[in-house]
Amino acid sequence: MCGIVGAIAQRNVTPVLLEGLRRLEYRGYDSCGVAVLQDGEPLTRNAHPIFSSGEIALVHNGIIENHESLRETLSALGRDGNYLASDTMALAGNAEHFIYLEEGDLVSLSREGISIADRDGNPVAREIRELEATKAAVGLGPYRHYMQKEIFEQPSVIADSTEHLVRFAPALFGAHANAVFAEIDSVLILACGTSYHSGMTAKYWLESISRLPTSVEIASEYRYRDSVPNPRTLVLAISQSGETADTLAALKHAQVLGHRHTLAVCNVAGSAILRQAALHFLTRAGAEIGVASTKAFTTQLVALFVLAATLAKRRGMLDAHREAAMLGQLHHLPAALNGVLALAPQIIAWAGSLARKENALFLGRGIHYPIALEGALKLKEISYIHAEAYAAGELKHGPLALVTEQMPVVTVAPNDALLEKLKSNLQEVRARGGELYVFSDADSKIRSAPGLHVIRMPEHYGLLSPILHVVPLQLLAYHTACARGTDVDKPRDLAKSVTVE
Ligand code: F6R
């Protein structure tokens, strides 16, 4: 997936270009090139008077002796040139303000300024925004890989996501959300990969908390099939990058079919999917560089839970007492996540065994079935172990035939209403000699035994339990991949932003 970085400035831009390319590497390239133009010799166009934007002319006589301090001051203001990139991350630390171009825009850069024309050639002004990504956000800090860093950032990005949340209100989704939410009678979720799994999880919340019929579709399937549009459906596109070609095309397809009520949940400000939808929710995961999505997934889940609660409240299905309890749970989530991250040493021990296998099954039930799917996706994409996830009740309908002593079976086993059913499914695995790796809640009463390994999560987290239960699966995939020596942050043949079909 291509990435571009360019600069025009008075300083040497080569290091900026090389660093920018290095930062874009995460998007999945196999080749790159750099071209630099330099004109150092004294020429009329370099001589004074020096013009800026045609409005200011500077004439000076002789040598500017304080040129170093002047240069330092001007560089610290950062207005030493203009840059372009296909991803703001490439320029973090070099540029402070940025402008997102619209489809078809043509931009011309000089050292002094920029001009933009729209697809018809008319000059246009586009909004100038503050660059949020900092150098720190793209640095590794004490971590070995970005994926590890991003897993451990989850308590802080979730705290950041919920910091300002004092009540569930349509305004959180944009100025017109109240009017849209008043009209809708169902939800259609469109997404790919990990974002699709967050959509599958959200379906449980939207149907149980807000009582809104919800369907979830893989974007690349929806865009090519005949569907029956309901104008009262809220079409919800979920995407970390906001640039995934299939999700964007599916959203546009829904609009062509007559869907007016659209909402995008994305992690990148100004991204194409955000711009395409009528309503927006910007998740606050910060820059996610590891190709395997982790903190973007859990911040999506927070956003989707907030959406379900907001819709429930709007529909008179959430009383003040329950709203306060839900808000309290959201605010306590970072502490609960820290408790889960502290399980890393036990998970590393499991990863050592899993790393020697070539296949794995993942099981979950109810709202934790999408979490099992996400665990299997994480494992396969970074460790290259073949992993499949099933709703545990499906075992006996086929996959049980695969269970032998050679088959590790990773199970998400929270203490919810389906626990007893799940325990019966685990017996089916044990009876065939399958090796069980179970993430249970503290009070699940599943005890370790030969062939049955148990890690206890610190607490059962009710409706928000999926957000806690996915974290040990991320850690398991991460440490298994490390044990196998794969390129964790840049798995083979995968790209961070899939901007082509
Ligand atoms: C897996 C992963 C991918 C993305 C998918 C959609 O770890 O990251 O499956 O979730 O390519 O990308 P976004 O969310 O950017 O639309």
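Computed from a predicted structure; not experimentally measured.

Every other side chain in a regular strand lies on the same face of the sheet, so the side chains alternate between the two faces. Among the six residues in strand β10 (residues 186-191), six count as buried, and that is most of the element. What you see with β10 is no split at all: Ser-186, Leu-188 and Leu-190 on one side and Val-187, Ile-189 and Ala-191 on the other are buried throughout. Examined bridge by bridge, β10 and strand β11 (residues 214-218) share five bridges and lie parallel to one another. Each bridged residue has a counterpart across the sheet, and for Leu-188 the counterpart in β11 is Ser-215. For the handedness criterion, the β-α-β arrangement of β10, helix α7 (residues 193-208) and β11 is classed as right-handed.

Right, let's get into the side chain of Asn-425. Among the secondary structure elements, Asn-425 is positioned in helix α15 (residues 419-431). Residue Asn-425 is classed as buried on the basis of its relative accessible area, which comes to 4%. If sequence neighbours within four positions are ignored, Asn-425 has contacts with Arg-365, Ala-392, Gly-393 and Leu-395.

In this section: the packing of α7 against helix α11 (residues 295-314). Direction vectors running N to C along α7 and α11 enclose 25°, while the axes themselves pass 9 Å from each other. When the interaxial angle is binned, α7 and α11 end up roughly parallel. As for how α7 packs across α11, the hand of that crossing is right-handed. From α7, Thr-194, Ser-195, His-197, Ser-198, Gly-199, Thr-201, Ala-202, Trp-205 and Leu-206 reach across to α11, where they touch Phe-297, Gln-300, Leu-301, Leu-304, Phe-305, Leu-307, Ala-308 and Leu-311. Broken down by class, the residue content of the contact of α7 with α11 amounts to 10 nonpolar, seven polar and no charged.

Before going further, it helps to examine the packing of helix α14 (residues 369-383) against helix α16 (residues 465-484). Interhelical geometry of α14 versus α16 gives an angle of 20° and a closest axis separation of 9 Å. Considered as vectors, α14 and α16 are oriented roughly parallel to each other. Our pair here, α14 against α16, has a crossing hand that is right-handed. In contact with Ile-371, Glu-374, Gly-375, Lys-378, Leu-379, Ile-382 and Ser-383 of α14, α16 contributes Pro-466, His-469, Val-470, Leu-473, Ala-477, Tyr-478, Thr-480, Ala-481 and Arg-484.

Once that is clear, we can look at the domain arrangement of the protein. By the assigned domains, the protein splits into domain 1 (5-130), domain 2 (146-335) and domain 3 (344-484). On a C-alpha basis, the centroid separation for the pair domain 2 and domain 3 is 26 Å. Contacts between domain 2 and domain 3 engage 28 residues on the former and 24 residues on the latter. For the pair domain 2 and domain 3, the two sides together bury roughly 2,300 Å², of which 73% comes from carbon and sulfur. Inspection of the region where domain 2 meets domain 3 yields zero salt bridges. Counting across the interface, domain 2 meets domain 3 through 10 residue pairs in polar contact (both at pLDDT 80 or more). Secondary-structure elements contributing two or more residues to the side of domain 2 that touches domain 3 are α4 (146-152), α5 (154-162), α7, α11 and α12 (320-341). A per-element tally of the side of domain 2 that touches domain 3 places α7 first, with seven residues. Of the residues contributing to the side of domain 2 that touches domain 3, the split by class is 16 nonpolar, 11 polar and one charged.

Conventions adopted
- Residues numbered from 1 in each chain as written.
- Predicted model: local features only at pLDDT ≥ 70, side-chain atom pairs only at ≥ 80, totals over all residues.
- Heavy atoms only, no water.
- Buried < 20%, exposed > 50% of the residue type's maximum accessible area, 1.4 Å probe, protein only.
- Helix = DSSP H or I, 4+ residues; strand = E, 2+ residues; numbered from the N terminus.
- Pairing = 2+ DSSP bridges.
- Right-handed = clockwise from strand over helix to strand, strands pointing away.
- Contact = heavy atoms within 4.5 Å.
- Axes fitted to C-alpha atoms, helices over the stretch in contact; angles between N-to-C directions.
- Parallel < 35°, antiparallel > 145°, perpendicular 65-115°, else oblique.
- Left-handed = near helix turned anticlockwise from the far one by under 90°.
- Nonpolar A, V, L, I, M, F, W, Y, C, P; charged D, E, K, R; others polar.
- Domains from an automatic or database assignment.
- Buried area = accessible area lost by both parts, 1.4 Å probe.
- Salt bridge = Lys/Arg side-chain N within 4 Å of Asp/Glu carboxyl O.
- Polar contact = N/O pair within 3.5 Å; in protein donor to acceptor, adjacent residues only side chain to side chain.

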